[in-house]
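Listed below are the residues making up each chain.
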Amino acid sequence: SKSGEALSKALVVAPNAALSVFRTIMDVAIDGAGPLPGARKAAGATLNRKGEVEAAIDALVRSHIGMAGAQGFLANLGGWVTIPVALPANMSALATLQARMVAAISHLRGYDVDDPRVRTAIFTCLLTQDSVDELIRNEKIPSTPMVNRIAASTSPPASGLSSKGAAATSRA
């Protein structure tokens, strides 16, 4: 995606600034901000509405596609005059929506989105495959982000939900 390419380039050009922006995007995506509820809350509400994990995931994907389309439309209303401001805002908003969707799906699958390994996995979903391969090659991430979790035998139960996952928080 274009936002994945932009994020990948930003990590090379200005790594500290890019990581700061990334942390903010992840915090907003997972915890929410203003009128945008966080990933856990969105996942829980959708699961309560749909009744099953797969239906909730499908609904989350559809709603995030719609939000991204609406956000892109609104960002382009100003035309060429607003591009210097609208483009960075559009890229940040799109990355936030993408991270929120991936985090919500991860939560529904029983992963703890506060776990740094899960956040790394969410982050890698925002990058291009070439960027992920390069990070692995340069040992910036040891391999696929979840290898250590699998090796530690802490993968979610067969139901896809853990005590910290959607079942614990969405039915409250």
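Residues numbered from 1 in each chain as written. Predicted model: local features only at pLDDT ≥ 70, side-chain atom pairs only at ≥ 80, totals over all residues. Heavy atoms only, no water.

## What about the overall build of the protein chain?
What counts, and what does not: Helix and strand labels come from DSSP, where a helix needs a run of H or I of at least four residues and a strand needs a run of E of at least two; each type is numbered from the N terminus. The buried label goes to any residue with under 20% of its type's maximum accessible area, the exposed label to any with over 50%, and the partly exposed label to all in between, with areas taken from a 1.4 Å probe on protein chains only. In what follows, residue pairs with any heavy atoms lying within 4.5 Å of each other are defined as contacts. A 1.4 Å probe and the Shrake-Rupley method give the accessible areas. Residues count as covered only by the protein chains that appear here.
Each helix and strand counted, the protein chain has 9 helices and 2 strands in total. Across the 172 residues of the protein chain, 38% fall into the buried class. A separation threshold of at least 6 residues defines the contact pool for the protein chain, and within that pool the share at least 24 residues apart is 67%. Surface exposure of the protein chain reaches about 9,700 Å², of which carbon and sulfur atoms provide 62%.

## A word on helix H3 (residues 39-50)
Applied cut-off: Here a helix's expected span is defined as the number of its residues, less one, multiplied by 1.5 Å.
Given a rise of 1.5 Å per residue, 12 residues ought to cover 16 Å, and the 16 Å separating the end C-alpha atoms of H3 matches this to within 8%. Among the residues of H3, Ala39, Ala42, Ala43, Gly44, Thr46 and Leu47 are the ones counted as buried. Phi turns positive one or two residues past the end of H3, at glycine 51, with a value near 90°.

## Remarks on the nonpolar core
Condition: Here the nonpolar core consists of buried residues drawn from Ala, Val, Leu, Ile, Met, Phe, Trp, Tyr and Cys, with membership extended through side-chain atoms lying within 4.5 Å.
Of all hydrophobic cores here, the largest spans 28 residues; its most connected members are Ala99, Leu108 and Ile122. For this core, the secondary structure elements donating two or more residues are helix H2 (15-31), H3, helix H4 (53-75), helix H5 (83-108), helix H6 (116-125) and helix H7 (129-137). Ranked by residues supplied to this core, first place goes to H5 with 6 residues. Excluding residues within four positions of it along the chain, isoleucine 122 makes contact with Met26, Ile30, Ala99, Val102, Ala103, Ser106 and Val113.

## Quick look at the environment of proline 37
Of note, proline 37 is situated in strand E2 (residues 36-37). In this structure proline 37 comes out as partly exposed when scored by relative accessible area, which is 31%. Residues in contact with proline 37, not counting those within four places in the same chain, are Gly32 and Arg100.

## Considerations on the pattern of salt bridges
We count it as follows: Any carboxyl oxygen of Asp or Glu that lies within 4 Å of a side-chain nitrogen of Lys or Arg is treated as forming a salt bridge with it.
Counting across every chain of the model gives 7 salt bridges. Note that arginine 40 and aspartate 114 form a salt bridge whose closest N and O atoms lie 3.2 Å from each other. Residue arginine 40 is found in helix H3, and its partner aspartate 114 is found in the loop between H5 and H6; the two are separated by 74 residues along the sequence. Using a relative accessible area of 44% as the deciding quantity, one classes aspartate 114 as partly exposed.

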